[in-house]
Structures are given as C-alpha cells and as structure tokens.
Amino acid sequence: MLRMLLRRLFLGAVTVAIVSVIIFSGVELLPGDSCTAFLEREAKGKLLENCREAQGLNRGPVERYVDWAASAVQGDLGVSANGQKSITELVGNRLKNSLLLAACSLALGVPLAIFLGVVTGLWRDRPIDLTLSTLAIFAMTIPEFVSATLLILLFSIWLGWLPGIVLTPAHAPASEFFPEILLPVLVLTMVMTAHILRMVRSSVIEVMAGDYVQMATLKGVPYWRIVFRHALPNALLPAINVVALTIAWLLGGVVVIEVVFNYPGLGRMMIDSISDRDLPVVQAIALIVATVYVGVNLSADLLTMIANPRLRTLHMRRQ
Amino acid sequence: MTSIPSVPNQNTRLARFLLVLRDVMARPSGAIGLALVFAHLILALISPMIVPYDYKAMNSAMMLTGPEATHWLGTDHLGRDVFTRVLLGGREALLVTGIATPIAVTWGGFVGIFFGLVGGRIDEVMMRVVDAFLSLPWILKMLVLIVTFGTGIEVLIPTLAFFYGVPVIRIARAATHDVVARDFVSAARARGHGRMTIIRRELLPNVLDTLMVEGAMRWSWMLLAFSSLSFLGFGVSPPTPDWGLMIADARGFMSFAPWGVLGPVIALSSLIIGINLTADALAKALGIDRAQKAPV
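Residues numbered from 1 in each chain as written. Chains lettered and ligands numbered in written order. Predicted model: local features only at pLDDT ≥ 70, side-chain atom pairs only at ≥ 80, totals over all residues.

### As for the overall build of chain B
Right, on to step 1. Secondary structure assignment for chain B yields 12 helices and zero strands.
Right, on to step 2. Judged by the C-alpha coordinates and their principal axes, chain B covers about 80 × 45 × 30 Å.
Right, on to step 3. Across the 296 residues of chain B, 45% fall into the buried class. (Helix = DSSP H or I, 4+ residues; strand = E, 2+ residues; numbered from the N terminus. Buried ≥ 20, exposed ≤ 12 C-beta atoms within 10 Å, placed from the backbone.)

This is the structure in structure tokens:
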C-alpha cells in the first residue's frame, strides 16, 4: 500500500514536471517575449536590452527554466511583466475567489447530483428519469455562456431577484461576494450536476443489475436495505473520480463564466494576462491549474483505492 | 460447416452502415438529433440564397427594433436584420469544426492505436505527455496560440484540430488495448505482418466504432469551444455573423431587446443538442458506453 502510494505520488510529480516543461517551452516558442510585449513591438535597442537585463531574459533557456521551476517549487512565481508585482500575491486573491466559487458550487451540486442520480438510476425509464435525464442533457450540452445569459435574462432582468454581474473587487473578503456570487454558482451547479448525475445513474443501474443484488433479492432482503447497504456503497465509488474532475474543471476551466459575470477569479485573470501578453503570469496560472488537476485526480484515485477493499488487496498482491 | 466471416468488402460495409443508420433513426434521440443536424447543415448550405437582407447592411434609423413583419427577429444595435444574421451565423462554425474534427480524430486515433500496439516504455512516456497536456485548460492553450497568430480560420482550424486530437489518443489507445491481446492480432504477428498492416487490417476495423462516436462528441465540443471563443471575442471577426459573437453583442442590450439574444441562443443550442443526441444514439447503436464521460 505504501509503495503503491509512493509510486502514484511519483508519477503525479513526473506529470507536473512535464507540464512545466510544456508551459515553459510553449511560451518560449512563441514569437516575442514579455519585454517586447510590455514595451510594444517596435521596442528596439537600449530599452529592450535593459528590460531583458532586468528580467534576466538574456540568459539561456535551460538556465531560465531551472531558475523558474526552482523558485516555483518554493512558492515564488516571479514578477509580472508590467506592474513589477509579485505574482504569488496577485494570484493569491484570485485563487481564493476561484476556490470560493468552486466550494459553493460543489456544496450545492454534489449532494444534489448524487441524490438525483440515485433517483434516476432506481426509477430507470420512468417519467421522472426521462424528465431529469433530458434536462441533464440540456444542461450539459448548452454552452455555458448561453445558459448564463438565459439565467441572467430570467433572474436578474425579468424577475429582478439576483444581481446579474459581480462588482465586488478581487481583494474583498468572501462574505462580500454574496449575493452576487449566486448566479454564477447556479450556472456552474447546473452543468456539474448534469455530469455527475449521468455518471451516478449509469453506475447505479449497473450495480443494481449485479449478481449480489439479485442474490440479496432472492434471499428476501428488503428493497431499501439492498439499495442502501448493498448497492449504493459500490455505485457511488466511481463518483469520486467525476467529482475530482469537476473540482479541477471548477478551478481551471470556468473562464467563460467568470468573464460573463465579471467574477474576479483565476479564469478571468488568465484571459486578461493572455490578452496583455503578460507571459510570466500566464505561466504561473497554467502551472497552478495543472498542479491542481494532477493533485485532485491523484487524491481521487487514492481515495477510491482506500474506500474499495477489493482494489486495495488487488494492488497489494500485485506489488 | 460453419461459415467463415469474410473480409468486409464495399457491399457489406455499406450494408452495415445502413443497419447502424436504421438503428440510430429508430431511437427517439437519434431521429431528433439527426433531423436537427441535417436541418442545420442544409441551412448552412442554402442560407446565403434565402436570407431576406444583407447581413452587414446597417440602418441607423432602425436600431434595436422589436420583431415585426419586415424584420422577423427585429434588428440589432447597428440596425442589421437579426433573422438574416441568425440564418448565416452557423456557417463559419460548421466550416471550421467540419474540417477540424475529422483531422483531430484521424491523427489522434492513429497515434493512439500506434502506441496501444507498440506499448512498453515509449507508450508509458507518451501517456505522461498526454496527461500533462490534458491537465492544462483548453482555453489557455488555444488562446495563447490565437493571440499570437491571429483569429482567422487558417489559425483556428489547425489549432482546434491539434488540441482536440490529444484526448482522442487516450480513447483510441484504450480501445486498442482491448483488441491487441486477442488471438487474431497474435496470429497476424505470427504471419509476419508489419505494424502498419496490423493496424490497418486488424486494429482499425475494431477501433473504428469507438472513434466514430468519439468524433461525434469531439465535434460538439469543438463547436462549443469555437462559439465560446467567438463569444469572448477571439473567434470570427465582425461583421461576419456568428452566433457566439451575436450573443456577446446582444447581451448588453438584453434588458430592453431580449430578442437579439434569443435567436442565436436557440440556433446554437439546437445544433449542439442535435449533435449530442445523435452521438448518444450512435453510441447506443454501436454498443459503446459513453455515460462515464466527465467534463473536459
């Protein structure tokens, strides 16, 4: 078990290392650097050289990569190209806001999705399943900016219940984001609920068709006891992985939602820094998001392994 | 004597295609989905001939007017006919994704099958690289390229084709793994066939179903990406009509002119839902489980 754990941690670290190389060389391969972007394209001669000198861009790429990676490991993400501000500080607030948005959506979406997934799975092909499954397809296929626009139209323009745009500045404490955060949370909840629901539904259907459920039925175990004691613990295991992917998505992929609602999170910062060609910030955000993705997926795999005795012994035997 | 399954020739392939098509059409989701997709494709082809107005003709005398007999969906903030622009708004998206999707599935599928067959160290390393690629949000990867190289279709098509092919590698590799251990692959190896021959004659026919379903799903995700990029202002450039861009433009006037949003919203949603329903029905018809798909 311990060896297994170490192996997975090692592989995760390797993936993050590869990501960092991809990010660094990707930015490196693009024409121009943060100095030409900052000083505009026409910048030539002394000014450009001074800027490059100041940012250490006149050294070789390998040396700069090692330098960047080493300080990133220590939590120092460098300075932005324009403001000369510490990126760790800049990103910190945004990350906090993104975490807030993710936490609210998860708190609302995960229990709802699991509940609805079990309901649709148990009452497969009944009216309630058909209704919810159809709604789920709509919720997950319609582009996020479309559902966001429709919800703004409904809740803030026609009904006037919720504010349709976030005006709170990035550094404000979490409590000040209410009630502005509610509409973005609602949109995100819709999308993630649909995904998790479908996953849980198919898993419940599969488990309920299993031999041991049939055996329990034949033995005369009451239906609800079968559902809660025999089926659900197995059916909900795969949900861990989907929830993990959802967390990664919430922290890195909700750019469009953040732009629509003007929410000061990591996603909007990403767009802004790409538009400004503030490459050090782009690199830093990419690295954070990728690390979160790898970390969350790794935790999900380990959690599944711990929760599932069969998988555990299987791996122990093999190692 | 038991009959030996013959090598599929043109006729049986066509027959199988028709069988699958009939199965897809027999499902409600498939019938609705295919109808929506075909309606959109036909509309994209004939819309330039049937639109009532010039899509870029501005009219300062009628800005943001409501739906009426002459302008069925009203006019936008520059006085252009919304109905005309909705009819034309999917052409660019369908053209770009229609070219990029087959490229993505082909290259991703080939690389995936190849590494699934080869296996070993290279395969292991390759999968780490794919994992690393997937851990970066799509929008970041695409935007960095688009901001650098511009937003024309000559940039968008290769960019979409490249990034949407990467996840296909994983799918194709997993599907290949299920096949590679079977006897007929060992037999082909024993006969001394080369890798390319094994891929073409033994693996590809068995992985093709998975790739088809994957292609349909990729297509809808690509459309999603394309319209999101337009919405954010990184896709097609005005005055070309595009649903994503139209929604972005009309959003500002939503409080007093909601019809400007609803037209493109319905058009875009119906196309994406149509593709998804078709993909779902296709997956069921081919017996491939797609339910365990998480947001990517």
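### Some thoughts on the interface of chain B and chain A
Right, on to step 1. Facing the 36 residues of chain B at the interface are 43 residues of chain A.
Right, on to step 2. For the side of chain B that touches chain A, the elements supplying multiple residues, two or more each, are α5 (120–134), α6 (138–149), α10 (195–232), α11 (243–251) and α12 (259–286) of chain B.
Right, on to step 3. Take the side of chain B that touches chain A: its biggest share by element is seven residues, from α12(B).
Right, on to step 4. Of the residues contributing to the side of chain B that touches chain A, the split by class is 24 nonpolar, nine polar and three charged. (Contact = placed C-beta atoms within 7 Å. Nonpolar A, V, L, I, M, F, W, Y, C, P; charged D, E, K, R; others polar.)

### Quick word on the nonpolar core
Right, on to step 1. Membership of the largest hydrophobic core comes to 163 residues, with the highest contact counts inside it found for A:Ile196, A:Val200, A:Ile285, B:Leu160 and B:Ile247.
Right, on to step 2. Summarising the domain contributions, this core has at least three residues from each of domain 1 (2–73) and domain 2 (88–317) of chain A. (Core = buried A, V, L, I, M, F, W, Y, C linked by C-beta atoms within 7 Å. Domains from an automatic or database assignment.)

### Some points on the packing of helix α4 (residues 91–118) of chain B against helix α8 (residues 166–180) of chain B
Residue and element names in this part refer to chain B.
Right, on to step 1. The N-to-C vectors of α4 and α8 enclose an angle of 40°; their axes lie 7 Å apart at closest approach. In terms of their interaxial angle, α4 and α8 are classed as oblique. By crossing handedness, the relation of α4 to α8 is classed as right-handed. Contacts between α4 and α8 involve Ala104, Val105, Gly108, Gly109, Val111, Gly112, Ile113, Phe115, Gly116 and Leu117 from the former and Val166, Val168, Ile169, Arg170, Ile171, Ala172, Arg173, Thr176, His177 and Val180 from the latter.
Right, on to step 2. Counted by class, the contact of α4 with α8 contains 12 nonpolar, six polar and two charged residues. (Axes fitted to C-alpha atoms, helices over the stretch in contact; angles between N-to-C directions. Parallel < 35°, antiparallel > 145°, perpendicular 65-115°, else oblique. Left-handed = near helix turned anticlockwise from the far one by under 90°.)

### Considering unusual backbone geometry
All names here are of chain A.
Right, on to step 1. For Asp125, which is not a glycine, the phi torsion comes out positive at approximately 65°.
Right, on to step 2. As for its placement among the helices and strands, Asp125 is situated in the loop between α5 (87–122) and α6 (127–141).
Right, on to step 3. Accessibility expressed as a C-beta count within 10 Å gives 10 for Asp125, which makes it exposed.
Right, on to step 4. The phi torsion at Asn262 lies on the positive side, around 60°, for a residue other than glycine.
Right, on to step 5. Looking at the secondary structure, you find Asn262 in the loop between α12 (255–261) and α13 (266–275).
Right, on to step 6. Exposure remark for Asn262: the 14 C-beta atoms within 10 Å place this residue in the partly exposed category.

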